[in-house]
Amino acid sequence: MTAIQMNAELLRNMSIIADDENLLKRAAKYLRKLVAEKQADPTLMTKEEFFARVDEAREEIRQGKGKRFTNPEEMNAWLNSL
């Protein structure tokens, strides 16, 4: 389902409950909860933010700031040290 289709479905459902104040209050409360969850999760990012971070990491590697490992054990030891 595309974002446009989901948006249309959301608006359709909102129009159904628009006359019921209690249902609207419940929907608003749930939406506030979803927004709070999104704001609390630092791993959520836009596509643009993600690719900007990838570009930044590539630049750091080009500058020699990356880490290299010769085997998986060496990598695991480094990860465990974090």
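The rules we used
- Residues numbered from 1 in each chain as written.
- Predicted model: local features only at pLDDT ≥ 70, side-chain atom pairs only at ≥ 80, totals over all residues.
- Heavy atoms only, no water.
- Helix = DSSP H or I, 4+ residues; strand = E, 2+ residues; numbered from the N terminus.
- Rg over C-alpha atoms; globule rule 2.2 N^0.38 Å.
- Buried < 20%, exposed > 50% of the residue type's maximum accessible area, 1.4 Å probe, protein only.
- Lys, Arg positive; Asp, Glu negative; His and termini not counted.
- Charge placed at Lys NZ, Arg CZ, Asp CG, Glu CD.
- Phe/Tyr/Trp six-rings, centres within 6.5 Å; stacked < 30°, edge-to-face > 60°.
- Salt bridge = Lys/Arg side-chain N within 4 Å of Asp/Glu carboxyl O.

(A) Expanded view of the overall build of the protein. Secondary structure summary: the protein contains four helices and zero strands in total. Mapped in sequence order, the helices and strands of the protein form the string α-α-α-α. Against the 2.2 N^0.38 benchmark of 12 Å for 82 residues, the protein shows a C-alpha radius of gyration of 22 Å, more extended than a compact globule. Summarising its shape, the C-alpha atoms of the protein cover approximately 65 × 25 × 20 Å along the three principal directions. By the burial criterion, 2% of the 82 residues in the protein qualify as buried. Within the protein, one finds 14 positive and 14 negative side-chain charges whose respective centroids are separated by 1 Å.

(B) How the structure looks around the packing of aromatic side chains. With the rule as written, the count across this model stands at two aromatic pairs. Here the aromatic rings of Phe50 and Phe51 are separated by 5.1 Å at their centres, their planes lie at 80°, and the arrangement is edge-to-face. Of the residues examined, Phe50 reaches a relative accessible area of 42% and is grouped as partly exposed.

(C) Molecular detail of the pattern of salt bridges. Tallying each qualifying case throughout the model produces two salt bridges. With a shortest N-O distance of 3.4 Å, Lys25 and Glu21 are connected by a salt bridge. One end of the pair is Lys25 and the other is Glu21, both in helix H2 (residues 21-40) and four residues apart, which spans about a single turn. Under the relative-accessibility criterion, Glu21 is labelled exposed at 54%.

So far we have only geometry, and geometry alone does not tell us how the molecule works.
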